[in-house]
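What the coordinates show
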Amino acid sequence: MGSAGVMMSEMDTGSDPDRARLKLAALACAAFGLVLLSIRLGNNDWADVDIRRAVVTLRAYRVGVAFFAGASLAVAGVVIQAVFRNALASPSVLGVTAGASLGGTVTLVVTEVVFSGAAAAAAFGEMLVPAGCMAGAAMALSLVLVLTRRRTSSTSFLLVGFLLSAVFLSMGAFVMSLSQSTWELGRVVVSFTLGTVSGSGPRQLVTIATWCIVGTVAALGWHRSLDMMLTGDEEALTLGVDVRRVRRWGIVWVAFLSAGAVAVGGNVAFVGLVVPHALRSVFGSSHRALIPAAAIGGGIFLVLCDLGARVAPTQSQMPLGVVTGLIGAPMLIALLHRNEALQDV
Amino acid sequence: MSDALVFEDVVVRYGRTPVLDAFSCAVGVGEVVGLVGPNGSGKTTAIRAALGLTDTAGGQIRVLGRRVDTLRRSEIARTIGYVPQRSRLEAAIRVRDVVTQGRYSHRSVAALDDDRKAVDEALAWTDLTHLASRSLPTLSGGERMRVIVARALATEAPILLMDEPTAALDVGHALQLLRLIRELADDGRAVVLVVHDLEQARRVCDRIVVIDGGSRIVEGAPEDVLFGDDVSRVFEARIIRGGGLGYEARGPS
């Protein structure tokens, strides 16, 4: 694997099934408590009960969307790090998140400029941008799979993903520059690019919850094969693993999960990188425990970040992507500092 | 004795450089064959070719009578258990789960009891039962090597390819493993053992194949081969009969 590594405590973290179940239950309880707390916290100073109820309902949608988007990104991070046996891999390395972001940005601009935003919004409702993100992600995934169809090495996939990311990010920056001609459109595009779950409604919640559950269950179905990938391509082959098939299906589920997250939350960095690292030191590397742990842990992380964005004493709400970066990067450094030895995934 | 693994004029090239050059050898059922030779002689390449990890440019390799290049990966995994020189597995996974990886190619719901039995036996053979719940990174290098040997044994494959399996082991566990290899062969498995320690090769092998420059130089019974001129020439060293440090296994077999 070279330079990349995963931090692990020196403690015995190979997940004993009973202990792993207990830890998962504790994590789930913490998540439940945090969700309730996050809905409760904020400006609740309204005398009118109806307004207060409406605000709490909107906040519940927002917290729910943040939870499932974080869960999706963290599970995608676990899978991508296993299929490439690279601790520095994150869902964005495939170019799919950049593709999804480009799709969302283009949709925002086209809706406004060509079709007139109001008319299009009336016709397609709030799901237009998520649909654009899904289309962008599907295009990026198709390109990754076509360009790597004769290749098996992780380097080929990572290189193609890196190059596609660069192309999509450049195209996204170009579209964003076009959007600056209109102040309102420019503001919306920048807000989407920096990540936000503000304004989420029931449709976004149902979409991301369905997307997250399907993707997580699918990833969990591959837990044995993902464990086998940790032994390296050659050893996995000698143990009977169809490495190419596992890698390609892993990529499909990573794309699926991260596209869903971008569709409802825009660009949110670091979740897929830092959450798997933090949880491996508690749950070990066995994917049977690590995938559900990442789903809950990723949800907790993004709900916390969104809470921070909401209650931070700033003039306007901080973009979610900025908060995840500000919290995620120091967390990763702290994890690196705490664990002296860097070990392979 | 029927042949379990046959190399027939096998050629492997890296670029234009031949690494195996018309290499031939056969390993019978119930036989331990030691593959010895200097560094870079082609021992590991021969093993990789048998596992289908390296493309051959000529000749053929047959496993239980079937050409290895016609077998699916899962068929190769059920037929050949492999112990690499150094495993790349470093993840925080329980020892039992690592050994269970050896059952991957057998997987079916109906085989769960068989899986458990094979894993328990492999753990017992390698003296790892008491470490089964430990996480891999908490083990010493020698203990990890025993885990990888246990994983190969859990495959219940009739052929075992072991690339310097005793290199990281202390004397006691090295002797224990050599004794285990002997028992496995006596139980009907064909074992290819790449080994640098010629004394170990003499102790456990039925036959020794000396390889150099990708070709078989000589083969035969250990006593005949190891003290012959070919071995001295290949290793550029004089092998002294009766010299060196002797040791015996202790404790219950």
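Up top you'll find the structure we're talking about.
None of these values were measured; they are calculated from a predicted model.

**Brief notes about the sheet that holds strand β5 (residues 66-67) of chain B**
Strand pairing in a sheet relies on backbone hydrogen bonds, with the paired strands running either antiparallel or parallel. Residues and elements named next belong to chain B. The sheet built from four strands is open, its strands ordered β2-β1-β4-β5 with antiparallel pairing. This sheet does not close on itself; its edge strands, each paired only once, are β2 (17-28) and β5. Of the pairings in the sheet, the one linking strand β4 (residues 58-63) to β5 comprises two bridges and is antiparallel in character. For R62, the partnering residue across the bridge sits in β5 and is R67. Along the sheet, helix α1 (residues 43-50) contacts β1 (3-14), β2 and β4; its crossing angle with β1, the most-contacted strand, is approximately 115 degrees.

**Side note on the sheet that holds strand β9 (residues 207-212) of chain B**
Residues and elements named next belong to chain B. Ordered by their spatial adjacency, six strands build an open sheet running β6-β7-β8-β3-β9-β10, and the pairing between neighbours is mixed. The open sheet has two edge strands, β6 (80-83) and β10 (215-220), and neither has a second partner. Adjacent strand axes in the sheet meet at a mean angle of 15 degrees when their direction is disregarded. Where β6 lies against strand β7 (residues 159-163), four bridges are found, and the strand directions are parallel. Bridge pairing in β7 places V83 opposite M162. Along the sheet face, α1 touches β3 (32-36), β6, β7, β8 (190-194) and β9 and points at about 145 degrees away from the line of β7.

**Some thoughts on the interface of chain B and chain A**
Quoted interface sizes are often the accessible area lost when the parts come together. Taken together, the contact between chain B and chain A spans 32 residues of the former and 31 residues of the latter. Broken down residue by residue, the surface that chain B buries against chain A is led by R88(B), A92(B) and Y104(B), which jointly contribute 26%. Where chain B packs against chain A, one counts two salt bridges. Across the pair R48(B) and E234(A) runs a salt bridge whose closest N-O atoms are separated by 2.3 Å. At the junction of chain B with chain A, the criterion picks out ten residue pairs in polar contact (both at pLDDT 80 or more).

Quick notes on the rules
- Residues numbered from 1 in each chain as written.
- Chains lettered and ligands numbered in written order.
- Predicted model: local features only at pLDDT ≥ 70, side-chain atom pairs only at ≥ 80, totals over all residues.
- Heavy atoms only, no water.
- Pairing = 2+ DSSP bridges.
- Helix = DSSP H or I, 4+ residues; strand = E, 2+ residues; numbered from the N terminus.
- Contact = heavy atoms within 4.5 Å.
- Axes fitted to C-alpha atoms, helices over the stretch in contact; angles between N-to-C directions.
- Buried area = accessible area lost by both parts, 1.4 Å probe.
- Salt bridge = Lys/Arg side-chain N within 4 Å of Asp/Glu carboxyl O.
- Polar contact = N/O pair within 3.5 Å; in protein donor to acceptor, adjacent residues only side chain to side chain.

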